[in-house]
Amino acid sequence: MLLHQLRYAITCAISGGNRLFGKMMLQTPTKTVQPLVSLAGVGVRRQGRWLVRGVEFSIAPGEIVTLIGPNGSGKSTTAKAAIGVLKADEGTVERKAGLKVGYVPQKLAVDWTMPLTVDRLMTLTSPLKGAEIDAALEATGIRHLARAEVQHLSGGEFQRALLARAIARKPDLLVLDEPVQGVDFSGEIALYDLIKTIRNTTGCGILLISHDLHVVMAETDTVICLNGHVCCRGTPEIVSQSPEYLKLFGARAGQTLAFYNHNHDHTHLPDGRVQHADGSITDDCRPDDGHHVEILPTGGKAGPMRIVHTHGPNCGCDHDHSAAPVGSKGERRDA
Ligand SMILES: Nc1ncnc2c1ncn2[C@@H]1O[C@H](COP(=O)(O)OP(=O)(O)OP(=O)(O)O)[C@@H](O)[C@H]1O
């Protein structure tokens with residue numbers, strides 16, 4: 001937690017001077033530990049259509065990665081490909097040997113007409129010891145609801161029950177598909193606080209899917225904006241930088257939520273289409289939209305900017321891909 005606060009303090013300090021360079025350094029931290037999962041050039045194709053393509057990211061223990069994007073942009077598809085629920089049709093997904101995943105899907109296939117208690121929900125798909133159930137319900141603050149019927153839970157209590165179910169088997173990686181859906185604003189803050197506590201106490205990695213395009217959990221290390229491909233990625237900026245936001249929602253929101261500033265010049269419309277800088281609207285991003293998102297200064301302080309390409313070699317962006325790759329993730333530096 002202190003490390004994260006320090007990171008944000010550094011971000012703020014740098015932003016007054018060499019903002020872009022500071023961001024670049026913070027966006028691409030050197031990961032020395034083995035990632036829990038690593039995606040490179042991942043594409044998923046169904047019924048003759050690419051649902052996502054060129055997706056690259058990795059999650060280390062203790063790291064929080066948040067996927068954002070409009071409805072239908074491929075967030076759930078990407079998460080499922082990451083944990084192996086869906087098979088990628090191109091690219092590679094590497095998972096740490098023996099990786100234990102706790103997955104909270106967006107939708108649960110449960111017959112809600114049947115009575116179901118919270119402790120029964122915990123063991124629906126595989127057995128757990130009584131002590132494990134108690135510990136998970138305690139950790140998520142709903143031990144008193146163990147005998148309650150799931151149908152009668154509030155939105156926030158239900159999400160806590162799903163979280164309890166996911167953490168009970170002590171996963172290395174927690175995948176949460178819209179964990180704050182159906183929860184009011186203060187409930188959202190409380191849930192994000194809980195997720196942060198789970199990460200801090202267990203050290204698990206977290207892949208979070210958020211329905212919000214602009215506000216994410218402040219502890220997020222990397223935000224990835226998807227719309228069939230990675231539009232942009234970066235760190236969130238802490239909400240406490242914005243006095244207006246704090247005035248509106250209070251100091252606790254500032255510690256828990258953060259703005260994400262997009263780095264592409266198009267807007268995702270609620271129906272998934274894309275509005276471009278010239279006002280035109282298309283079904284998808286154009287090749288020259290939003291690909292060039294991480295900007296590196298060359299040769300020190302005042303040198304010209306160079307642009308790092310975030311796609312794989314077949315992304316169709318019309319740029320020269322013959323230059324030497326940057327790093328090991330298939331990124332290409334444009335000439
Ligand atoms: N098995 C499938 N076959 C065909 N199309 C699919 C399949 N699964 C998902 N899709 C389509 O792929 C696109 C991406 O779906 P996905 O659920 O990943 O999006 P999402 O970003 O999570 O959306 P939302 O925010 O609405 O939950 C959607 O247009 C969806 O209809």
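Residues numbered from 1 in each chain as written. Predicted model: local features only at pLDDT ≥ 70, side-chain atom pairs only at ≥ 80, totals over all residues. Heavy atoms only, no water.

Under an unreviewed UniProt entry, the name given to the protein chain is ATP-binding cassette domain-containing protein, and the source organism is Shinella kummerowiae. The Sequence similarities (unreviewed entry) field of the UniProt record for the protein chain holds the comment "Belongs to the ABC transporter superfamily." (UniProt positions renumbered as here; feature names shortened; annotations may be inferred.)

## Some words on the overall build of the protein chain
Along the protein chain, the regular secondary structure elements total nine helices and 19 strands. Taking all 335 residues of the protein chain together, the buried fraction comes to 48%. The long-range fraction of contacts in the protein chain, counting pairs at least 24 apart against all pairs at least 6 apart in sequence, stands at 64%. Split by element, the accessible area of the protein chain, about 16,100 Å² in all, is 55% carbon and sulfur. (Helix = DSSP H or I, 4+ residues; strand = E, 2+ residues; numbered from the N terminus. Buried < 20%, exposed > 50% of the residue type's maximum accessible area, 1.4 Å probe, protein only. Contact = heavy atoms within 4.5 Å. Areas by Shrake-Rupley, 256 points an atom, 1.4 Å probe, with all protein chains shown as cover.)

## Some details on the sheet that holds strand β2 (residues 49-59)
On the basis of which strands lie adjacent, the open sheet formed by three strands has the order β2-β1-β4 and antiparallel pairing. One side of each edge strand has no neighbouring strand; the edge strands of this open sheet are β2 and β4 (90-95). Put simply, the sheet's adjacent strands are angled 25 degrees from each other on average, direction ignored. By the bridge criterion, five bridges tie strand β1 (residues 37-46) to β4 in an arrangement that is antiparallel. In the sheet register, Ala 40 faces β4, and the bridge partner there is Thr 92. Its contacts with the sheet place helix α3 (residues 75-83) against β1, β2 and β4, and it is angled at close to 125 degrees to β1. (Pairing = 2+ DSSP bridges. Axes fitted to C-alpha atoms, helices over the stretch in contact; angles between N-to-C directions.)

## A short note on the environment of Val 65
Tracing the chain through its elements places Val 65 in strand β3 (residues 64-68). In the structure, Val 65 is positioned 159 residues away from Ile 224 in sequence and 7.4 Å away in space, judged by C-alpha atoms. In this structure, Val 65 is in contact with Phe 57, Ser 58, Ile 59, Ile 206, Leu 207, Leu 208, Thr 222 and Ile 224, ignoring residues within four places of it in sequence.

## Details of α3
Along α3, eight of the nine residues are buried, which leaves the element largely enclosed by surrounding structure. One or two positions beyond α3, positive phi appears at Gly 84, with a value near 90 degrees.

## Structural notes on the site of the ligand
Taken together, 14 residues are adjacent to the ligand, and Arg 49, Gly 72, Lys 75, Ser 76 and Thr 77 come closest. Interatomic distance of 3.1 Å between a backbone N/O atom of Ser 73 and an oxygen atom of the ligand. A distance of 2.9 Å separates an oxygen atom of the ligand from a polar atom in the side chain of Ser 76. Its free accessible area being 640 Å², the ligand has 65% of it covered by the protein chains. Counting only elements with at least two residues in the shell around the ligand, the list comes to β2 and α3. Of all the elements, α3 adds the most residues to the shell around the ligand, at three residues. Class assignment of the residues belonging to the shell around the ligand gives a composition of two nonpolar, eight polar and four charged. (Near = heavy atom within 4 Å. Polar contact = N/O pair within 3.5 Å; in protein donor to acceptor, adjacent residues only side chain to side chain. Nonpolar A, V, L, I, M, F, W, Y, C, P; charged D, E, K, R; others polar.)

## Structural notes on the sheet that holds β3
Read across the open sheet, the six strands follow the order β5-β6-β7-β3-β9-β10; overall the sheet is mixed. The strands lining the two open edges of the sheet, one partner per strand, are β5 (101-104) and β10 (230-234). Across this sheet, the average inter-strand angle for adjacent strands is 15 degrees, counted without regard to direction. Contacts between α3 and the sheet are confined to β3, β5, β6 (173-177), β7 (205-209) and β9 (222-226), with β7 contributing the most and set at about 155 degrees to the helix. Together, β5 and β6 form the strand contacts of helix α6 (residues 155-167), whose direction differs from that of β5 by roughly 160 degrees.

## Some remarks on the state of the cysteines
By the definition in use, this model includes zero disulfides. As a non-bridged cysteine, Cys 225 has Cys 232 as the owner of its nearest cysteine sulfur, 4.6 Å distant. (Disulfide = S-S within 2.5 Å.)

## Some details on the pairing of β1
Across seven bridges, β1 lies against β2 in antiparallel orientation. Pairing of Val 42 across the sheet is with Val 55, part of β2. What sits between the antiparallel neighbours β1 and β2 is a turn of two residues, in which Gln 47 has the positive phi angle 50 degrees.

## Some thoughts on the pairing of β5
Residues Gly 102 and Val 104 line the buried face of β5, whereas the alternating positions Val 101 and Tyr 103 sit on a face that is not buried. With four bridges joining them, β5 and β6 adopt parallel strand pairing. When the sheet's bridge partners are listed, Tyr 103 is paired in β6 with Val 175.

## Here's the deal with α6
Taking 1.5 Å of rise per residue, the 13 residues of α6 would be expected to cover 18 Å, and the 19 Å separating its terminal C-alpha atoms lies within 8% of that figure. Buried residues dominate α6, accounting for 11 of its 13 residues. Among the residues of α6, Gly 156, Phe 158, Gln 159, Arg 160, Ala 161, Leu 162, Leu 163, Ala 164, Arg 165, Ala 166 and Ile 167 are the ones counted as buried. Looking at the buried positions of α6, the neighbouring elements they touch are β5, α4 (118-122), α5 (130-139), β6 and α7 (185-202). (Expected span 1.5 Å × (residues − 1).)

## With respect to the nonpolar core
The biggest cluster of nonpolar side chains holds 40 residues, and the ones touching the most others in it are Met 122, Leu 137, Leu 163, Leu 174, Leu 176, Ile 195 and Ile 206. Elements with a minimum of two residues in this core: α4, α5, α6, β6, α7, β7 and β8 (215-217). The element best represented in this core is α6, accounting for seven residues. Other than its neighbours up to four places away in sequence, Ile 195 contacts Leu 163, Leu 176, Pro 179, Ile 206, Leu 208 and Met 217. Of all hydrophobic cores here, the second largest spans 24 residues; its members include Val 52, Phe 57, Ile 59 and Leu 67. (Core = buried A, V, L, I, M, F, W, Y, C linked by side-chain atoms within 4.5 Å.)

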